[in-house]
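# A closer look at the structure
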Amino acid sequence: MTLCPGDQSQGFYTGCAQGQPCETRLAMPNKMWADYAEVITASDYTGSNAYDLMVKWVDGEVTIYKDMDENTHLPTSTSEHPANEMTVAKAGSTWKFAKGIATGKYGGNQWGDDLLVRWVDGEVTKYTNVDGGGLHTEQQLPAPNALWKEHASIIAGCDFDGSTNSDFDLFVSWSDGELTIYEDVGARGPGKENQLKDPNSTWKHARVIAPGKFGGNLWEDDVFVRWYDAEVSVYGNTQADALGREYQLVPPG
């Protein structure tokens, strides 16, 4: 991989392989992100028309890094506090019990700045209109229960049904490999549940699931997956009732 012009003095670089997307390193390998960053999601929370990064740390602190781009340098130690860092929940808060976060449009304003949160006891709650002022009104969806506590592995939000309704859908990967989508999670909570995959051995090995608009059409309906063996694939044009075609991006190992 050849190096493109960038800030080499602090070890940051932009790598560009011919014919491949460019990679920008935002932080050098470090213990803080390796050991303490537990859940990461992104959206435009601060209303600046640029994506922000939200991080839930193991101690319950929740941090937003505003206006992320290829020039952003993330901190690599707890003593660093860049100008774009915003703390929306302090260490020791109840957020240490959050196990999954799905960002999207879930009945708040026109922006994708709402959060669905799966808690350690199986409760699922919704926060609408997250902004620079922090987290606001919380709405309980499913109360604490065994199903979501023991079997929901990964949750993620995106628009799979392509409806004129602006509410996003919730993608859930279960512990037995089953995949489901709940359509149009709005003010009343999860809508119709669609099964994309029966319980299976393959999807038990998914480690990261990140839906988004990665090409193909105008909808945010592609599903990016990193597997346990380091394979990376994307399922393009996924529908609310059917998983899209798989394209391998990185082979195993």
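Notes on the structure in this doc start here. (Residues numbered from 1 in each chain as written. Predicted model: local features only at pLDDT ≥ 70, side-chain atom pairs only at ≥ 80, totals over all residues. Heavy atoms only, no water.)

### With respect to unusual backbone geometry
As a reminder of what qualifies: Secondary structure follows DSSP: runs of H or I at least 4 residues long count as helices, runs of E at least 2 residues long count as strands, and numbering of each begins at the N terminus. Only protein chains enter the accessibility calculation, which uses a 1.4 Å probe; a residue is then buried when its area is under 20% of its type maximum, exposed when over 50%, and partly exposed in between.
A positive phi angle, near 50 degrees, is found at Asp67, a position not held by glycine. Phi angles above zero are rare outside glycine, and Asp184 is one such case at about 45 degrees. When you line up the elements, Asp184 lands in the loop between strand 14 (179-182) and strand 15 (193-197). Residue Asp184 is classed as partly exposed on the basis of its relative accessible area, which comes to 22%.

### Structural notes on the sheet that holds strand 17 (residues 222-227)
Note the cut-off: When DSSP finds two or more bridges between a pair of strands, those strands are recorded as paired. Helix axes use the C-alpha atoms of the stretch in contact, all axes being lines fitted to C-alpha atoms, and the angles between their N-to-C directions lie in the range 0 to 180 degrees.
The four strands are arranged 16-17-18-19 in an open sheet whose pairing can be described as antiparallel. A strand with exactly one partner marks an edge of an open sheet, and here the two such strands are strand 16 (206-212) and strand 19 (245-250). Between one strand axis and the next, the sheet turns through 25 degrees on average, direction left out of account. As paired strands, strand 18 (residues 232-236) and strand 19 are joined by five bridges and run antiparallel to one another. Note on strand 19: the bridge partner recorded for Val232 is Val250.

### A short note on the pairing of strand 18
The element strand 18 is extensively covered by neighbouring structure, given that five of its five residues are classed as buried. Across the two faces of strand 18 the burial is the same, with Val232, Val234 and Gly236 and Ser233 and Tyr235 all buried. In terms of strand pairing, strand 17 meets strand 18 through four bridges, oriented antiparallel. By the bridge assignment for strand 18, Phe224 is matched with Val234. In sequence, strand 17 turns back onto strand 18 through a hairpin of four residues, with Ala230 there showing a positive phi of about 80 degrees.

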